[in-house]
Amino acid sequence: MSSLGVEGEGIWLALGTVGMLLGMVYFMAKGWDVQDPEAEEFYVITILIAGIAASSYLSMFFGFGLTEVELVNGQVLDIYWARYADWLFTTPLLLLDIGLLAGAKNRDIATLIGIDAFMIVTGLFATLMTVPVARYAFWTISTIAMLFVLYFLVVVVGEAAAEADEDTQSTFKVLRNVILVAWAVYPVAWLVGTEGLGLLSLYGETLIFMILDLFAKIGFGFILLRSRAVVGGDSAPTPSAEEATAD
Ligand code: RET
């Protein structure tokens, strides 16, 4: 049980790799002719997110992103650490995407990303600790940080978005809801999965993370990059000061 190697869950890691690659190629193809620099920025960020995730999934598939943690009670856990390397870069990029869309202040985007990075790092601590109570302590800290991220996203970034044009507002709301729903499942999956209470097998947990990752990255990117807020329709592309639509 504790010989280090990718087992049945490899199928989900393979599917995750393919899904991320397909998403990346789709975003690249769709963005190929984009000229507007603001739209280009969203493409670059979103393509990067899919690319980072694809390489992380591939590394897990080949067993490179996998390690073992031996707890003080002798229990040995298989840990896919590469997830955290992925999340450390991709969750800030997702927040950058939605922060730029909303037209939030750089300072606010930086705060949001700072708390997010803290969430992932403390989540990694939770995962690597050998004393069970320390694992749950860090899980709690990380989850509190996540609640701050979600609160900040809704209230502070939401306030900025409320000033934007209608297309931007509606895209912001959909993406915000994607984040609210998807992100909140991660700590639950950790808790019921092998890192926590062990109610879920590594096989089931890997499947859940794969679905969540595809939804939170590729689903998110799909909604963002086909929205009129980014594509701009045929007429006015920028969600900036140009339009005199005050309400
Ligand atoms: C951990 C465990 C500790 C508690 C919390 C977690 C949150 C993780 C989140 C990850 C989001 C990942 C995304 C990936 C994109 O594809 C680290 C699982 C709160 C929110 C959106």
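Thresholds applied
Residues numbered from 1 in each chain as written. Predicted model: local features only at pLDDT ≥ 70, side-chain atom pairs only at ≥ 80, totals over all residues. Heavy atoms only, no water. Near = heavy atom within 4 Å. Polar contact = N/O pair within 3.5 Å; in protein donor to acceptor, adjacent residues only side chain to side chain. Areas by Shrake-Rupley, 256 points an atom, 1.4 Å probe, with all protein chains shown as cover. 1 Å grid on protein atoms, 1.4 Å probe; cavity = no way out; pocket = protein on both sides within 12 Å on 5 of 7 lines; lining within 4 Å. Sits in = over half its atoms within 2 Å of the grid points. Pairing = 2+ DSSP bridges. Helix = DSSP H or I, 4+ residues; strand = E, 2+ residues; numbered from the N terminus. Patch = residues over 30% accessible without salt bridge, like charges linked within 9 Å, V, L, I, M, F, W, Y side chains within 5 Å. Salt bridge = Lys/Arg side-chain N within 4 Å of Asp/Glu carboxyl O. Axes fitted to C-alpha atoms, helices over the stretch in contact; angles between N-to-C directions. Parallel < 35°, antiparallel > 145°, perpendicular 65-115°, else oblique. Left-handed = near helix turned anticlockwise from the far one by under 90°. Contact = heavy atoms within 4.5 Å. Nonpolar A, V, L, I, M, F, W, Y, C, P; charged D, E, K, R; others polar. UniProt positions renumbered as here; feature names shortened; annotations may be inferred. Points joined across faces, edges and corners; volume = space filled by probe spheres on them. Core = buried A, V, L, I, M, F, W, Y, C linked by side-chain atoms within 4.5 Å. Buried < 20%, exposed > 50% of the residue type's maximum accessible area, 1.4 Å probe, protein only. Phe/Tyr/Trp six-rings, centres within 6.5 Å; stacked < 30°, edge-to-face > 60°.

Participant: How should the site of the ligand be read in this particular structure?
Facilitator: Of all residues adjacent to the ligand, which total 17 residues, the nearest are Ser142, Trp183, Tyr186, Asp213 and Lys217. One of the side-chain N or O atoms of Asp213 is found 3.4 Å from an oxygen atom in the ligand. Within the contact set of the ligand, an oxygen atom lies 2.5 Å away from a side-chain nitrogen or oxygen of Lys217. In isolation the ligand exposes 530 Å². Once the protein is present, 100% of that is buried. The site holding the ligand turns out to be the largest cavity.

Participant: What should I look at first to understand the pairing of strand 1 (residues 66–70) in this one?
Facilitator: Two elements, strand 1 and strand 2 (residues 76–80), share 5 bridges in a ladder whose sense is antiparallel. Paired with Glu70 across the two strands is Val76, which belongs to strand 2. In this antiparallel pair of consecutive strands, strand 1 and strand 2, the connection spans 5 residues, and Gly74 shows a positive phi of 90°.

Participant: What am I meant to see in a nonpolar patch on the surface here?
Facilitator: There is a patch of nonpolar side chains on the surface, built from Leu88, Phe89, Val121 and Phe125 and spanning about 330 Å² of accessible area. Listing elements by their share of the nonpolar patch, those giving two or more residues are helix 3 (82–102) and helix 4 (106–128). With respect to the helices and strands, Phe89 occurs in helix 3.

Participant: Where do I start with the packing of helix 3 against helix 6 (residues 166–192) in this structure?
Facilitator: Helix 6 packs onto helix 3 with a crossing angle of 155° between their chain directions and a minimal axis gap of 10 Å. When the axes of helix 3 and helix 6 are compared, the pair comes out roughly antiparallel. The hand of the helix 3/helix 6 crossing is left-handed. Judged by residue contacts, Tyr84, Trp87, Thr91, Leu94, Leu95, Ile98, Leu101 and Ala102 of helix 3 engage Thr168, Thr171, Phe172, Leu175, Arg176, Ile179, Trp183, Tyr186 and Trp190 from helix 6. The residue makeup of the contact of helix 3 with helix 6, split by class, is 13 nonpolar, 3 polar and 1 charged.

Participant: Explain the UniProt feature "transmembrane region" (unreviewed entry) in the protein here, please?
Facilitator: UniProt's entry tags residues 12–29, 41–64, 84–102, 109–130, 136–162, 174–192 and 207–225 with the feature "transmembrane region" (unreviewed entry), counted in the numbering of this structure. What you have in residues 174–192 is 100% helix and 0% strand, and the ends, taken at the C-alpha atoms, are 28 Å apart. Spanning residues 207–225, this segment combines 100% helix with 0% strand, and its end C-alpha atoms are found 26 Å apart.

Participant: Can you help me understand empty space enclosed by the protein in this one?
Facilitator: The gaps left among the atoms become clear once a water-sized probe is rolled over them. Scanning the model with the defined rule gives 2 cavities of 30 Å³ or more in all. Around the largest cavity sit 21 residues that line it, and Trp87, Met119, Ile120, Tyr186 and Pro187 are the ones nearest its centre. Put simply, the parts of the chain that give the lining of the largest cavity at least two residues each are helix 3, helix 4, helix 5 (132–161), helix 6 and helix 7 (202–225). For the lining of the largest cavity, the element with the most residues is helix 3, which contributes 5 residues. Among the residues forming the lining of the largest cavity, the class breakdown is 14 nonpolar, 5 polar and 2 charged. Residue lining of the second largest cavity: Asp78, Ile79, Tyr80, Arg83, Thr194, Glu195, Leu202, Glu205 and Thr206, and that is the complete set.

Participant: How do you make sense of the nonpolar core when you look at a structure like this?
Facilitator: Generally speaking, soluble globular proteins have nonpolar side chains that are buried together. Counting residues in each nonpolar core, the largest one holds 63 residues, and the members touching the most others are Leu101, Ile179, Trp183, Phe220, Leu224 and Val230. Once residues lying within four places of it in the same chain are set aside, the contact partners of Trp183 are Thr91, Leu94, Leu95, Asp116, Met119, Met146, Val149, Leu150, Val178 and Ala216.

Participant: For this particular structure, what's the right way to read the packing of aromatic side chains?
Facilitator: Aromatic ring pairs: the centre-centre distance and the angle between the two ring planes describe each pair. One pass over the full model with this rule turns up 11 aromatic pairs. Summarising the aromatic geometry, the rings of Phe64 and Trp81 are spaced 5.6 Å apart at their centres and angled 70° between planes, so their arrangement reads as edge-to-face. Of this pair, Phe64 sits in the loop between helix 2 (37–61) and strand 1 while Trp81 is found in the loop between strand 2 and helix 3, placing the two residues 17 residues apart along the sequence. Since its relative accessible area comes to 58%, Phe64 is described here as exposed. Of the residues examined, Trp81 reaches a relative accessible area of 31% and is grouped as partly exposed. An aromatic cluster is present here, built from Tyr84, Trp87, Tyr186 and Phe209 joined pairwise through their rings.

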